[in-house]
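# Remarks on the overall topology
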Amino acid sequence: MKSHEIDYKIGGHDIQYVEVELDPDETVIAEAGAMLYMKQDIEFVTKMGDGSEPEKGLFGKLLSAAQRKLTGESIFITHFTHRGTGKSHVAFAAPYPGTIVPIDLEKMGGTIITQRDAFLCAALGTKISLHFNQKLGSGFFGGEGFILQKLQGDGTAFIHAGGTLIEYELNNETLKVDTGCVVGFQNGIDFNIQRAGNLKSMVFGGEGLFLATLSGTGTVWLQSMPISKLINQLSPGSSNSRKEDSGGLLKNLLES
């Protein structure tokens, strides 16, 4: 299914929003609860599915809903359609302080991989599905875990990052990143986990026990302040230590 062509503008500073302009019968899909406001003649309906495969039957829709449940997202996606004449608008807000970035999926080769809570909204025709990380180390210690989201299509999708979003172009090289700071990457980038130096560096270096490695050629998106780190820093009694933010299952095991 070819994606709808939508126009948009992004506003705000610390907590951004995106306003999408729709022509008659154009549709944008969004996470449940992301809508900020909508103007006259915008009709919305909640569905089990992203609408990219309209011929999909009930079983297929239930399977898609189950996949979204595994990612920790709502099993429903809200579809906003302009049912009037002329142009109308609907806006979506970021869930916490950070940056919204538009991504032309066609220019990205049709597919990007994102962390579970990065997706905000997209043009109808965008397919949202599971992406399993095949590597054991990435799954247990990578913050994002085994299950990531895959966005596919030829239209515009919007992802959200905590704090400032950094877009980095890799050219057959490797970038080492704090595990919780990976927002997404272009399909074909190799995502893995490695130790953060020797034992002394791992324990006392303040960078956590592991680092994410992104290798290959393509685009990666990073966030300066993951929501988990923000919550940790604001929590009463927090030690404000970066090494508490190694992320993922390892952090839960160490705290238990």
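In short, a report on the structure.

Thresholds applied
Residues numbered from 1 in each chain as written. Predicted model: local features only at pLDDT ≥ 70, side-chain atom pairs only at ≥ 80, totals over all residues. Heavy atoms only, no water. Helix = DSSP H or I, 4+ residues; strand = E, 2+ residues; numbered from the N terminus. Buried < 20%, exposed > 50% of the residue type's maximum accessible area, 1.4 Å probe, protein only. Contact = heavy atoms within 4.5 Å. Areas by Shrake-Rupley, 256 points an atom, 1.4 Å probe, with all protein chains shown as cover. Salt bridge = Lys/Arg side-chain N within 4 Å of Asp/Glu carboxyl O. Pairing = 2+ DSSP bridges. Axes fitted to C-alpha atoms, helices over the stretch in contact; angles between N-to-C directions.

### Notes on the overall build of the protein
Helix and strand content of the protein: five helices and 17 strands. Going through the 256 residues of the protein one by one, you find that 48% of them count as buried. Intrachain contacts of the protein at a sequence separation of at least 6 include 77% that bridge at least 24 residues. Within the structure as shown, the protein displays about 12500 Å² of accessible surface, and the carbon and sulfur contribution to it stands at 55%.

### Section: the pattern of salt bridges
Applying the stated criterion across every chain, the model contains six salt bridges. With a shortest N-O distance of 3.7 Å, Lys2 and Asp154 are connected by a salt bridge. Pair noted here: Lys2 is in the segment before β1 (7-11) and Asp154 is in the loop between β12 (147-152) and β13 (156-162), with a separation of 152 residues, a long-range link. Judged by its relative accessible area of 56%, Lys2 is exposed. Relative accessible area serves as the criterion here: at 26%, Asp154 is assigned to the partly exposed category. Between Lys9 and Glu19 there is a salt bridge; the shortest N-O distance is 3.9 Å. Here Lys9 is found in strand β1, whereas its partner Glu19 is found in strand β2 (residues 17-22), with ten residues between them in sequence. Owing to a relative accessible area of 45%, Lys9 belongs among the partly exposed residues under this scheme. According to the relative accessible area criterion, Glu19 is buried, its value standing at 10%. Connected through salt bridges with shared partners, the residues Glu21, Asp23 and Lys87 form a single ionic network.

### Examining the side chain of Glu26
Looking at the secondary structure, you find Glu26 in the loop between β2 and β3 (27-31). Setting aside anything within four residues of it in sequence, one finds Glu26 in contact with His4, Glu5, Ile6, Glu21, Phe80, Thr81 and His82.

### Description of the sheet that holds β1
With respect to topology, four strands assemble into an open sheet ordered β1-β2-β7-β4, the strand pairing being antiparallel. If you trace the sheet from one side to the other, it starts and ends with β1 and β4 (35-38), each paired once. Strand-to-strand twist across the sheet, computed as the mean angle between neighbouring axes with direction ignored, equals 20°. In terms of strand pairing, β4 meets strand β7 (residues 88-93) through three bridges, oriented antiparallel. If you follow Tyr37 over to β7, its bridge partner there is Ala91.

### Side note on the pairing of strand β10 (residues 119-123)
For β10, a buried count of five out of five residues is recorded, marking the element as mostly surrounded by other parts of the structure. Bridge analysis of β3 against β10 gives three bridges, and the strand direction is antiparallel. Residue pairing in the sheet places Ala30 in a bridge with Cys121 of β10. In the sheet, β10 pairs with β13 via three bridges, with the strands oriented antiparallel.

### So, the side chain of Thr156
Among the structural elements, Thr156 can be located in strand β13. Overall, the relative accessible area of 16% leaves Thr156 in the buried class. Dropping the residues within four chain positions of it, Thr156 is found in contact with Ile6, Tyr8, Pro102, Ile103, Ala122, Ala123 and Thr126.

### Topic: the sheet that holds β10
An order of β5-β6-β3-β10-β13-β8 is seen for the six strands of this open sheet, with the pairing classed as antiparallel. On the outer flanks of this sheet lie β5 (42-47) and β8 (98-104), each paired with one strand and no other. This sheet shows a mean twist of 20° between the axes of neighbouring strands, independent of strand direction. Pairing between β3 and strand β6 (residues 77-82): five bridges, direction antiparallel. What sits directly across from Ile29, in β6, is His79.

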